Amino acid sequence: MSYHTQEPTLQLEIPHVLPGVDSAADGCVARLQERLIEQTGIHQVHLDEQNGKTLLCLHYDPNLVPLEKLERLARDEGAAITQRFRHETLLIAGMDCASCAASIEHIVRKQPGVLNVGVNYPTQKMKVEYDSTLVDRAALVKAVNKLGYRVPSGERGLPMALSTPRPNDHAGHEHTDPATAKPKDEHEGHSHAERGGWLQKNLELALSVLSGVLLTIGFAGEQWLGWPAAAAIAFYVGAYLAGGFNLTRHAVPAMLSGRFNVDFLMLAGAVGAAFLGEWGEGAFLLFLFSLGHALEHSAMEKARNAIAALGKLTPKTARVRRGAQEIEVPIEQIQVGDVAIVRPGDRVAVDGTIREGHSAIDQSPITGESVPVEKAPGDGVFAGTINGDGALEVEVTKLAQDTAIARVMQMVEEAQSQKAPSQTFSENFERVFVPVIIGVVVLAAIVPPLAGWLSWKEAVLRALSTLVAASPCALALATPAAVLAGIAQAARNGVLIKGGVHLENLGSLNAIAFDKTGTLTRGRPEVADIVPWEGVSEPQLLQIAAAVETRSSHPLAEAVVRRAQNDKLALPDSGELQNLQGRGVQAEVGGQLVRIGNARMFEEAKMPVPAALLEKVTLLGDSGKPTMIVSRGDKFLGALSFADEIRPESKKALEMLRQIGVGTLVMLTGDNARVASHIAPQAGVTEFRADLLPENKVEAINALIKQHGQVAMVGDGVNDAPALAQATVGIAMGAGGTDVALETADVALMGDDMAKLPFAVALSRQAKAIIRQNLWISLGVIAILVPSTLFGFARLGIAVIFHEGSTLIVVANALRLLKFRMRP
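Residues numbered from 1 in each chain as written. Predicted model: local features only at pLDDT ≥ 70, side-chain atom pairs only at ≥ 80, totals over all residues. Heavy atoms only, no water.

## Some thoughts on the overall build of the chain
- Helix and strand counts for the chain come out as 30 helices and 31 strands.
- By the burial criterion, 54% of the 824 residues in the chain qualify as buried.
- A sequence separation of at least 24 residues applies to 67% of the contacts in the chain between residues at least 6 apart. (Helix = DSSP H or I, 4+ residues; strand = E, 2+ residues; numbered from the N terminus. Buried < 20%, exposed > 50% of the residue type's maximum accessible area, 1.4 Å probe, protein only. Contact = heavy atoms within 4.5 Å.)

## Thoughts on the packing of helix H9 (residues 245-256) against helix H10 (residues 262-275)
- Axis separation between H9 and H10 bottoms out at 9 Å; the angle between their running directions is 110°. Relative to H10, H9 is oriented roughly perpendicular. Regarding H9 and H10, the two cross each other, and that crossing is left-handed. Between H9, through Leu247, Thr248, His250, Ala251, Val252 and Met255, and H10, the contact on the second element is made entirely by Asp263, Phe264, Met266 and Leu267. (Axes fitted to C-alpha atoms, helices over the stretch in contact; angles between N-to-C directions. Parallel < 35°, antiparallel > 145°, perpendicular 65-115°, else oblique. Left-handed = near helix turned anticlockwise from the far one by under 90°.)

## Brief notes about the packing of aromatic side chains
- Across all of its chains, the model carries five aromatic pairs by this definition.
- Here tyrosine 240 and tryptophan 279 contribute two aromatic rings whose centre-to-centre distance is 5.4 Å and whose plane-to-plane angle is 65°, an arrangement assigned as edge-to-face. Taken together, the residues span a long stretch of sequence, with tyrosine 240 in helix H8 (residues 229-243) and tryptophan 279 in helix H11 (residues 279-311) at a distance of 39 residues.
- Above the face of the phenylalanine 85 ring, arginine 31 is positioned so that its terminal group lies 4.1 Å from the ring centre. (Phe/Tyr/Trp six-rings, centres within 6.5 Å; stacked < 30°, edge-to-face > 60°. Lys NZ or Arg CZ within 6 Å of the ring centre and 35° of its normal.)

## Quick word on the side chain of threonine 519
- Position of threonine 519 among the secondary structure elements: in helix H19 (residues 516-520).
- Those residues in contact with threonine 519 that sit more than four places away from it in its chain are Phe514, Arg647, Ser650, Val714, Gly715, Asp716, Met733 and Met754.

## Description of the sheet that holds strand E5 (residues 85-91)
- Ordered by their spatial adjacency, three strands build an open sheet running E5-E7-E6, and the pairing between neighbours is antiparallel. Only two strands of the sheet have a single partner each, and these edge strands are E5 and strand E6 (114-120). Within the sheet, the average angular offset between the axes of one strand and its neighbour, ignoring direction, is 10°.
- Inspection of the sheet shows E6 paired to strand E7 (residues 125-131) by six bridges, in the antiparallel sense. Pairing of asparagine 116 across the sheet is with glutamate 129, part of E7.
- Helix H3 (residues 67-84) rests against E5 and E7 of the sheet, and its axis sits at about 45° to E5.
- Strand contacts of helix H5 (residues 137-146): E5, E6 and E7, with the helix running at about 135° to E7, the strand carrying the most contacts. (Pairing = 2+ DSSP bridges.)

## With respect to the nonpolar core
- Counting 81 residues, the largest nonpolar core has Ile104, Val108, Met126, Ile512 and Phe514 as the members making the most contacts within it.
- No other element matches helix H29 (residues 756-790), which puts ten residues into this core.
- Each residue touching phenylalanine 514, except ones within four places of it in the same chain, is listed here: Thr519, Leu520, Leu654, Leu657, Leu665, Val666, Met667, Leu668, Met713, Val714, Met754 and Leu757.
- By size, the runner-up hydrophobic cluster in this structure holds 28 residues, among which are Tyr240, Ala270, Leu288 and Phe289. (Core = buried A, V, L, I, M, F, W, Y, C linked by side-chain atoms within 4.5 Å.)

## Observations concerning the sheet that holds strand E23 (residues 584-589)
- Pairing is antiparallel in the open sheet, where six strands are placed in the order E21-E26-E25-E24-E23-E22. In this open sheet, the two strands that pair with only one neighbour each are strand E21 (521-532) and strand E22 (578-580). On average, adjacent strands in this sheet sit at an angle of 20° to one another, irrespective of strand direction.
- Alignment of E21 against strand E26 (residues 635-646), held across eight bridges, turns out to be antiparallel.

## A word on the environment of glutamate 13
- Along the polypeptide, glutamate 13 turns up in strand E2 (residues 9-13).
- For glutamate 13 and lysine 53, which are 40 residues apart along the polypeptide, the C-alpha to C-alpha distance reads 7.9 Å.

## Considering the pairing of strand E30 (residues 729-733)
- With five of five residues buried, E30 is to be regarded as a mostly interior element.
- Residues Val729, Ile731 and Met733 point to one face of E30 and Gly730 and Ala732 to the other, with burial holding for every one of them.
- Note that strand E29 (residues 711-715) and E30 share four bridges and pair parallel. Each residue of the ladder has a partner; that of valine 714, found in E30, is isoleucine 731.
- As defined by bridge partners, E30 adjoins strand E31 (residues 747-749) across three bridges and the pair is classed as parallel. Counted as the bridge partner of isoleucine 731 is valine 747 from E31.

## Describing a nonpolar patch on the surface
- Together, Val209, Val213, Ile217, Phe219, Trp224, Leu225 and Trp227 line one region of the surface with nonpolar side chains, adding up to about 700 Å² of accessible area.
- Note on placement: valine 213 falls in helix H7 (residues 203-223). (Patch = residues over 30% accessible without salt bridge, like charges linked within 9 Å, V, L, I, M, F, W, Y side chains within 5 Å. Areas by Shrake-Rupley, 256 points an atom, 1.4 Å probe, with all protein chains shown as cover. Salt bridge = Lys/Arg side-chain N within 4 Å of Asp/Glu carboxyl O.)

## Notes on unusual backbone geometry
- Unusually for a residue other than glycine, lysine 568 sits at a positive phi of about 55°.
- Take lysine 568: it is sitting in the loop between helix H21 (555-566) and E22.

## Let's talk about the pattern of salt bridges
- Counting across every chain of the model gives 24 salt bridges.
- Among the salt bridges present, the one from arginine 321 reaches glutamate 393, with a minimum N-O distance of 2.9 Å. Here arginine 321, found in strand E10 (residues 317-322), pairs with glutamate 393, found in strand E18 (residues 392-396); they are 72 residues apart in sequence, far enough to count as distant.
- Given a relative accessible area of 31%, arginine 321 falls into the partly exposed group.
- The buried category is assigned to glutamate 393, whose relative accessible area is 14%.
- Here glutamate 526 ties to arginine 562 by a salt bridge, and the two come within 3.4 Å at their closest N and O atoms.

## Here we look at the confidence of the model for the chain
- Model confidence for the chain is summarised by a mean pLDDT of 82, while 86% of its residues fall at 70 or above.
- The least confident element of the chain, judged by mean pLDDT, is strand E8 (residues 186-187) at 36; the most confident is strand E27 (residues 664-668) at 94.
- Note that pLDDT drops below 50 for residues 1-5; the model gives that stretch 13 contacts with residues more than four away or on any other chain.
- Within the model, pLDDT remains below 50 along residues 155-195, and this stretch shows 137 contacts once partners closer than five positions in the same chain are excluded. (pLDDT = per-residue confidence, 0-100.)

## As for the packing of helix H15 (residues 456-469) against H29
- Put simply, H15 and H29 touch, their axes get as near as 8 Å, and they point 175° apart. Here H15 lies roughly antiparallel to H29, going by the angle between them. Facing H15, whose interface residues are Arg462, Ser465, Thr466 and Ala469, H29 presents Ile782, Leu785, Val786, Thr789 and Leu790.

## With respect to H3
- With 18 residues, H3 extends 26 Å from end C-alpha to end C-alpha; this agrees with the ideal 26 Å at 1.5 Å per step.
- Among all positions of H3, only Leu70, Glu71, Leu73, Ala74, Glu77, Gly78, Ile81 and Thr82 are buried. For H3, the arc enclosing every buried residue in end-on projection is 160°, short of the 170-degree limit, so these residues lie on one face. (Expected span 1.5 Å × (residues − 1). Arc of directions from axis to C-beta.)

This is the structure we're talking about:
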């Protein structure tokens, strides 16, 4: 919270007035704005972006409403809104296909008072916003239960693998954060029932196998053993009951609520086959459909577990120093400022800063770095990383629910709920296609017999086969399965992709723009050239310069001192530092005045720089390197030049990007054209734009979009935020330690490693190719089977085999992304 004194304005963080609401897009934010603007003394209410955070900004008349009353008023109105308009994120157990999610959405949306509802099959979550004066949580759970699904007892938005309470969450049914709420009877994302024996966990598969066994016995008895028809039918009925159990308990309630989905189409096909006396055909349909669902569910669970494994990285307890004792406490009880003890070989349980100790930390679970990183006092560590051989004392800087791994888990789940363009296409296609097919099937069952072309039995059997053939199960899973697997594999390798739309866009890039400082370069200057003058050695020049610069905090001064320390030079004492603005610095060393600065400094001191030395300095400056001249007394010692070094991995990463098809690589920098032209070839970019302010970078991105279509911007997520937002895809570097970068970017490279960018682009291109393959497979099977069944070339059994086969192929094809590796 911050107050502006120059004008009557109050700025408040959204969670401060709306507990549990973190997003400005939440409907309750708009409701609060509407209520506040109606209050006396408030003449404007809007949202303001500052440092990656969205603030509620109130313009008010202090004569009508004092500041203290205004803040209290905002909090009271926010409390009233959160009391009435509730948000729930509920785990839904029992979903075994993509159409299940649409059925649940349909029936929950019909409840009075429900404002928004979204069900995500990959994450098995339902997010619902409702007016608590018209409907309550129990009614929503009851509606879900009616469809044959269930909300585990006490479930309030469990994350896949990480649960910690958030201070702003209260009892009842307020805004519930899916990354933090913790149910009483859950552990690691599964209910007690799901932790039962094999039969409980695999009931669907067991029923399917039983259906297949009964079908086989009935068929063998009828065809080869000479059983009477009634005996064979008895086994077929058993196969119907086993294979159709899950199907019926979902399809019938959905049908009664007016929702005709894929389950209904299959059930109608099986019932129709029995009505025509084709018991074996109907039992075969239900067996294959239930088996397909069971295998599909198992495959999707594999993709979910890839993400759930991230959350299991964080220990449930941490060793904390309290007074003179070291005790084990649950991570949710750890407070900012606590000191955690990390023993050699332990997994770090907190985000914090090292107070004591040195060690090598394996950060690969968070940043994807392939080698351990040396850490010393003052360095930051992440929860979920693995300590090396040294013992560490870490001061906690973030609560458990705010650690990097917790934020990544939350954002990965949010990413899965965002629909990619191809998924939107699939849903729009289904919305039109299913009613059309039902109409075609009805006509196919009635018109041929009335016209005398077919018997009623044959016409109905063909119609039922068409019904099965046209069911778009594979189409419904074509995109979400690939998005789930792609985002999971990216997260496991230190890349956070925040949604299916960004996954697809990242795979369509034609050009990428890069910020220079901190992205292509290290972001800090280093001594590049040491130019000693007559009779002076390089160590002597560096030693004298560093002695003076130890008193300065300027980045160039720090570079000089750092180089001297790396060279293990002993530095003499220096006197008080004098800073000559725009010229340089000076201080006494060994009783003599040492000057360090530009040529102007020496001109004013009546010490003309020797022509040969000045020529060398000019050449270094022309190559884009800042320089400074050093003298002691009346003698020149030489000059030092500096450069913000190109990251070693940058050039290789950009070369790999060109190899995978990104032909235009542009450097955007605020440096002058002379410096930019020197750095660009070293970095490996194909072109550059120089002398750019932040607003100029936005203009440059717009120009690139007009020229190339799909353009990404890579930056640090803070000062490049406008350009990141303007680009097709905004990519933040080193986001593991930067909250702002996590919030502003569409894609976050958790480690400060440019090598992850080619991996992310290649993975996204593979994901897009797999999505395209899946769409062709699913649509192709429908296009072939529908006319084949309509005209009698394929019977019901063939339709079932191809229908279920295409669904399994689509899911298996998507799971290939879990093994994706960047080709060398």
